Amino acid sequence: MSRRTFLSRATASIVGGIGALMGIPTVAYLISPAKARGGLGVEAIPLGPISKVPIGEPTLFKATIERKTGWVTQAEELAFYVSTDDGRNFTAMSNVCTHLGCRVRWVDDEEEFFCPCHNAVFSKTGTVVSGPPPRALDQYELSVEDGQLFVVGKIEA
Amino acid sequence: MIEKVSAWFEERMGWKPIWKALALRNIPKVNWLYTLGSATLLVTVNQILTGILLTIYYVPSPQDAYNSVAFITNEITAGWLIRGLHHWGASAMVVLAGLHMLRVVFHGAYKFPREITWFTGLGLLAVTMAFGFTGYLLPWDQKAYWATTVGTRMLEVTPVIGDWLLRIARGGEELSAVTLTRFYGTHVWVLPSVLLILLGIHMFLVVRIGISAPPTAEEAAEEPDVEVEA
Ligand code: FES
């Protein structure tokens, strides 16, 4: 190998080495915040008394939690539909449409959830009746203490 | 493979003459001191790249500046590294540019026909210092705040227009949100633009007229008009 080829190859590998040395941290730096996955962000979210939930009619509860995104802590409003069939067992459901994220609402006369954005219809238990959503509404785990409802976590389907 | 690819581009772009002018130009026999300029250039590239990366998370407002810097340093993967490189790179840039300038002075390399290279170099040094001064405020911590209070206050002692200069630098009477955004805008838009223009001329001349060889004793002896006083 001539001196010239040796030197140009050595230069090329040093430049490549520096590129890799800087490139890898750069990619890690850029994608870093994408790793954060939204859980509840808190232990349990208090919703309210069970007495507010009439049997057989999903009832909307709103709760505000503090969520930290980046360096900003913000109040975020969450809403859950809580239903019961017997006044003892309660289920909670997110009101976020699984299609593209609009808010669904309970239509009493039809006994179903309706999403106004692309006309999706969900059943009382949250399963898709018609429309574009790919899956049922997200279910949440509840706990009841002294007659108060708490959301304690998401139920993974 | 590489030959094929380079030939493909050569046919379409004709970049070989440019490559030859840039990389295969003749340079005089020089020593290691002649690498200071290249080293300064390398650090400058580092400052540009890491600076761009920092703007991805940094927010120049009194509410967010400090917290976003803390977020970069403590929570973002390799954030400490990117910020560290930018921080230490700033000092390295000032030191290397200063040493590079001293070398040019000692070798008399600022003389004809390289005066324009020299004066753009002086401009670059001034821009580098301005980068340091405006960048120092951006973390918006106590040290930065008071350093800038002192730094801008120095303008005030300028005769006649001192008060006016101080108000322009601060964007008002006090150090405020306005000061922070104008320092930020200067740091990421004004100074980089000036830097790239000056650096473009500087580098063009380095390639165009070449660099000077180290002066020798014989050369000095050949000088016809040296008069030695008795
Ligand atoms: S977002 Fe609900 S149907 Fe499209």
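Residues numbered from 1 in each chain as written. Chains lettered and ligands numbered in written order. Predicted model: local features only at pLDDT ≥ 70, side-chain atom pairs only at ≥ 80, totals over all residues. Heavy atoms only, no water.

## Digging into the layout of surface pockets
All names here are of chain B.
Now for step 1: In this model, the second largest pocket occupies a volume close to 1,100 Å³.
Now for step 2: Residue lining of the second largest pocket: 34 residues in total, with Leu54, His86, Gly135, Leu138 and His187 positioned closest to the centre.
Now for step 3: Elements supplying a minimum of two residues to the lining of the second largest pocket: α3 (36-55), α4 (65-74), α5 (79-106), α6 (115-137), α7 (142-155) and α9 (177-208).
Now for step 4: The residue makeup of the lining of the second largest pocket, split by class, is 20 nonpolar, eleven polar and three charged. (1 Å grid on protein atoms, 1.4 Å probe; cavity = no way out; pocket = protein on both sides within 12 Å on 5 of 7 lines; lining within 4 Å. Points joined across faces, edges and corners; volume = space filled by probe spheres on them. Helix = DSSP H or I, 4+ residues; strand = E, 2+ residues; numbered from the N terminus. Nonpolar A, V, L, I, M, F, W, Y, C, P; charged D, E, K, R; others polar.)

## A closer look at the confidence of the model for chain A
Now for step 1: Per-residue confidence for chain A gives a mean pLDDT of 91; residues scoring 70 or more make up 96%.
Now for step 2: Here strand β2 (residues 59-69) of chain A stands out as the element of chain A with the lowest mean pLDDT, 89, in contrast to strand β7 (residues 120-122) of chain A, whose mean of 96 is the highest. (pLDDT = per-residue confidence, 0-100.)

## Focus on the interface of chain A and chain B
Much of the literature gives interface size as the accessible area that the parts lose upon coming together.
Now for step 1: Opposite the 13 residues of chain A that make contact, chain B presents 18 residues.
Now for step 2: Buried surface at the junction of chain A and chain B, summed over both partners, amounts to about 1,300 Å²; 71% is from carbon and sulfur atoms.
Now for step 3: At the surface where chain A touches chain B, the tally comes to one salt bridge.
Now for step 4: As a salt-bridge pair, Glu75 of chain B and Lys68 of chain A come within 3.2 Å of each other at their nearest N and O atoms.
Now for step 5: The interface formed by chain A and chain B holds seven residue pairs in polar contact (both at pLDDT 80 or more) in total.
Now for step 6: Taken together, the residues of the side of chain A that touches chain B sort by class into eight nonpolar, three polar and two charged. (Contact = heavy atoms within 4.5 Å. Buried area = accessible area lost by both parts, 1.4 Å probe. Salt bridge = Lys/Arg side-chain N within 4 Å of Asp/Glu carboxyl O. Polar contact = N/O pair within 3.5 Å; in protein donor to acceptor, adjacent residues only side chain to side chain.)

## Quick look at the sheet that holds strand β6 (residues 112-115) of chain A
Each strand in a sheet pairs with another by means of backbone hydrogen bonds, the pair being arranged parallel or else antiparallel.
Residue and element names in this part refer to chain A.
Now for step 1: Spatially, the four strands line up as an open sheet ordered β5-β6-β7-β8, and their pairing is antiparallel. Pairing within the sheet leaves two strands with one partner each, and these edge strands are β5 (105-107) and β8 (128-130). Sheet twist, expressed as the mean angle between neighbouring strand axes with direction ignored, is 40 degrees.
Now for step 2: Judged from the three bridges that link them, β6 and β7 form a sheet pairing that is antiparallel. Looking at β7, one finds that Cys115 is bridged to Ala120. (Pairing = 2+ DSSP bridges. Axes fitted to C-alpha atoms, helices over the stretch in contact; angles between N-to-C directions.)

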